[in-house]
Each structure stands twice: as C-alpha cells, then as structure tokens.
Amino acid sequence: MINKFRWKKGGHLFNSNAEGFTHASHPTIAYIDNDLFVIAYSSRDSKQHSHIFLCYAEVKNSGIKLVGEPHLALEPGKAGNFDCDGVLSCCFVKNNGKYYLYYSGWQ
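Being a predicted model, the structure only gives us computed values, none of them experimental. (Residues numbered from 1 in each chain as written. Predicted model: local features only at pLDDT ≥ 70, side-chain atom pairs only at ≥ 80, totals over all residues. Heavy atoms only, no water.)

### Concerning the nonpolar core
Grouped together as the largest cluster of nonpolar side chains are seven residues: A30, V38, A40, I52, L54, V87 and F92. Looking at this core, the elements with two or more residues in it are β2 (36-44), β3 (50-60) and β5 (86-95). Those residues in contact with F92 that lie beyond four places of it in its chain are T28, I29, A30, V38, A40, L54, Y99, Y100 and L101. Formed by five residues, the second largest nonpolar core is a distinct cluster that contains I39, Y41, F53 and A57. (Core = buried A, V, L, I, M, F, W, Y, C linked by side-chain atoms within 4.5 Å. Buried < 20%, exposed > 50% of the residue type's maximum accessible area, 1.4 Å probe, protein only. Helix = DSSP H or I, 4+ residues; strand = E, 2+ residues; numbered from the N terminus. Contact = heavy atoms within 4.5 Å.)

As structure tokens, this is what we get:
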C-alpha cells in the first residue's frame, strides 16, 4: 500500500509580470547556497510561444520570496528550428560547479 502524500495548497508563489506574457508554467528549481535558489519557468507571449525566464528566490521559514525581478533567459529559435514555436524549462543539472538548464522545444 502506498502512503498518501499530505500537502496543503498554498496558492501562487509569484505572478509572471513580464509585459506581454501570460502565466508562469513548468517551474524547475536549483539550490544555490544557504537559503538561495534559482527558478526557471516558461511564460507565453501573445502568439502563444513559450519563453524561459529565470529568477532567484529565498526559501526559509516555510515561505518563498523572490529576490529581484525575473528576466528572460531563452527565446524560441528561428523559423525551422526544433524550438521555433516555444521552449519549456525541464530541469537543472549541476556538473563541475556549473548549472545547466535542460529544456524542450517544439515546432
């Protein structure tokens, strides 16, 4: 028998406030140091093309607080590329002290 995971819905962590973009989706997070994390998420423009944004967050006392403003990190590729119609954040991988963001794209 599998134990059920007990959780309490806490609401929005933050609102995507980049001008011309809608909701934040597909979040992934990586631990940096102490209480500091980096969050990658995708947000859609008026043409429904997803872009990837990055922001820092402080996590402590059961709360999450953004540190600074989210900024655009990755746009869809040029016409004909595998990611010309959108990009979605998937996961961070740390290798030799550097973080890499893996993403998926579509056309």
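So, next bit.
### As for the pattern of salt bridges
Between side chains of opposite charge, a pair can form when the charged atoms approach closely. Per the counting criterion, the structure on display carries one salt bridge. Across the pair E58 and K60 runs a salt bridge, and its minimum N-O distance is 3.9 Å. A residue is classified by how much of its surface remains accessible, and K60, at 40% relative accessible area, is partly exposed. (Salt bridge = Lys/Arg side-chain N within 4 Å of Asp/Glu carboxyl O.)

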